[in-house]
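Residue-level listing of the chains:
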Amino acid sequence: MAAYAIMDVEIFDIGDYMEYLKHLRPLLKVAGARYLARGGEFRVYEGDYQPSRLVLIEFPSFEVMDAFYRGEAYQALKPQRDACSHTRVTGVQGLE
């Protein structure tokens, strides 16, 4: 069953962030993940949550998402993301 990574990203340095994305995309492809939303228009309908930039990525399963996030390749890339942005990441399991 699919799982979804929901990210709220505040970018400090767009050039470095674009370089991070260049390395991230092949890792996502290998994991069988795909972008469903990436920084498009959004609306907050209730509450005081004010995200900066929302990203939604679909993974084949929670196990694949966990392996991706905890994996050596992504953990080696994560410091680059942390240096150019602040990101909140949440995972949620999809419905059967």
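Relevant structure appears above.
For clarity, every value in this text was computed on a predicted model and none was experimentally measured.

**Q** Looking at this structure, I do not really get the pattern of salt bridges. What am I missing?
**A** Opposite charge on two side chains permits pairing when their charged atoms draw close. For the coordinates displayed, the defined rule picks out six salt bridges. Note that D8 and R88 form a salt bridge whose closest N and O atoms lie 3.4 Å from each other. Here D8 is found in strand β1 (residues 3-11), whereas its partner R88 is found in strand β4 (residues 85-93), with 80 residues between them in sequence. Of the residues examined, R88 reaches a relative accessible area of 46% and is grouped as partly exposed. Here the salt bridges share partners, and the residues they tie into one network are K78, R81 and D82.

**Q** Help me understand the packing of aromatic side chains, please; the structure alone is not making it clear to me.
**A** The description of an aromatic ring pair uses the distance of the two centres, along with the angle that the planes make with each other. Summed over all chains, the structure comprises four aromatic pairs. Ring geometry for Y17 and Y20: centres 5.5 Å apart, planes at 45°, overall tilted. Taken as a pair, Y17 and Y20 lie in helix α1 (residues 14-31) at a separation of three residues, close to a single helical turn. For the pair formed by Y17 and Y20, the shared burial category is buried. Taken together, the ring pairs connect F59, F68, Y69 and Y74 into an aromatic cluster.

Cut-offs used in this document
- Residues numbered from 1 in each chain as written.
- Predicted model: local features only at pLDDT ≥ 70, side-chain atom pairs only at ≥ 80, totals over all residues.
- Heavy atoms only, no water.
- Salt bridge = Lys/Arg side-chain N within 4 Å of Asp/Glu carboxyl O.
- Helix = DSSP H or I, 4+ residues; strand = E, 2+ residues; numbered from the N terminus.
- Buried < 20%, exposed > 50% of the residue type's maximum accessible area, 1.4 Å probe, protein only.
- Phe/Tyr/Trp six-rings, centres within 6.5 Å; stacked < 30°, edge-to-face > 60°.

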